[in-house]
Amino acid sequence: MAGISKNIMSKSPWVVHVNCNSCNGCDIEFLACLTPIYDAERLGIINVGTPKQADILVVTGSANYKNIDVLKNIYNQMPEPKVVVAVGACACTGGVFHSCYNVIGGIDEILPVDVYVPGCCPKPESIIDGLIEASRILEEKRIKIKNPDKGVAI
Ligand code: SF4
């Protein structure tokens with residue numbers, strides 16, 4: 001938190017959450033981040049119901065042959081710049097489901113993942129940490145889009 005500039009905090013990233021066949025453990029922890037106890041909204045992080053308004057895609061669960069098209073479709077509907085956060089061991093690597101007959105692996109087999117939040121399941125504090133890192137990366141991408149020749153300077 002200490003290293004986050006006011007500029008980044010003011011951006012209020014909107015987050016869309018996709019459950020890619022997770023066991024729901026990671027989803028419960030993500031939803032806990034939105035409750036008054038952890039209150040991710042105090043950091044400007046808002047959970048929205050449509051990818052068309054989202055800056056950050058939070059994915060729980062592993063990539064498998066049933067969900068890759070849905071996941072790609074959701075990702076493609078998000079405007080640029082956008083950031084992908086893999087929450088939990090399953091989303092990072094396939095986790096306990098790795099090498100199952102229908103599991104491809106972590107979601108980085110399908111999408112460009114920017115932030116990995118390991119754990120089975122990760123604590124809300126870790127997920128919020130990942131979302132703050134995602135906000136920083138989002139800001140970097142915004143600057144890069146605005147100044148394509150100047151590179152990134154934060
Ligand atoms: S990482 Fe653990 S808690 Fe999260 S979806 Fe996989 S098995 Fe469930």
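Residues numbered from 1 in each chain as written. Predicted model: local features only at pLDDT ≥ 70, side-chain atom pairs only at ≥ 80, totals over all residues. Heavy atoms only, no water.

The name recorded for the protein in an unreviewed UniProt entry is NADH ubiquinone oxidoreductase, from Fervidicella metallireducens AeB. Taken directly from UniProt, the Sequence similarities (unreviewed entry) text for the protein runs: "Belongs to the complex I 20 kDa subunit family." The Cofactor (unreviewed entry) field of the UniProt record for the protein holds the comment "[4Fe-4S] cluster". (UniProt positions renumbered as here; feature names shortened; annotations may be inferred.)

Engineer: Go over the overall build of the protein with me, naming the residues and quoting the values.
Structural biologist: On a plain count of helices and strands, the protein comes out with 5 helices and 7 strands. Counting from the amino terminus, the protein carries its helices and strands in the arrangement α-β-α-β-β-β-α-β-α-β-β-α. Here the protein has a C-alpha radius of gyration of 15 Å; the compact-globule value for 154 residues is 15 Å, and the two agree. Partitioning the intrachain contacts of the protein with sequence separation of at least 6 by distance along the chain shows that 76% fall at a separation of at least 24. Surface accessibility of the protein: about 8100 Å² in total, with carbon and sulfur atoms responsible for 53%. Taking the 14 positively charged and 16 negatively charged side chains of the protein as two groups, their mean positions are separated by 6 Å. (Helix = DSSP H or I, 4+ residues; strand = E, 2+ residues; numbered from the N terminus. Rg over C-alpha atoms; globule rule 2.2 N^0.38 Å. Contact = heavy atoms within 4.5 Å. Areas by Shrake-Rupley, 256 points an atom, 1.4 Å probe, with all protein chains shown as cover. Lys, Arg positive; Asp, Glu negative; His and termini not counted. Charge placed at Lys NZ, Arg CZ, Asp CG, Glu CD.)

Engineer: An account of the pattern of salt bridges is requested, with residue identities and associated values reported.
Structural biologist: Inspection of every chain in the model, using the stated rule, returns 6 salt bridges. Connected through salt bridges with shared partners, the residues Asp55, Glu139 and Arg142 form a single ionic network. (Salt bridge = Lys/Arg side-chain N within 4 Å of Asp/Glu carboxyl O.)

Engineer: Give a detailed account of the pairing of strand 5 (residues 83–87), specifying residues and quantitative values.
Structural biologist: Along strand 5, 5 of the 5 residues are buried, which leaves the element largely enclosed by surrounding structure. The side-chain alternation of strand 5 yields two buried faces, one formed by Val83, Val85 and Val87 and the other by Val84 and Ala86. Looking at chain direction, strand 3 (residues 56–60) and strand 5 are connected through 5 bridges and run parallel. In the sheet register, Leu57 faces strand 5, and the bridge partner there is Val84. As defined by bridge partners, strand 5 adjoins strand 7 (residues 115–117) across 3 bridges and the pair is classed as parallel. Directly across from Val85, in strand 7, lies its bridge partner Val115. (Buried < 20%, exposed > 50% of the residue type's maximum accessible area, 1.4 Å probe, protein only. Pairing = 2+ DSSP bridges.)

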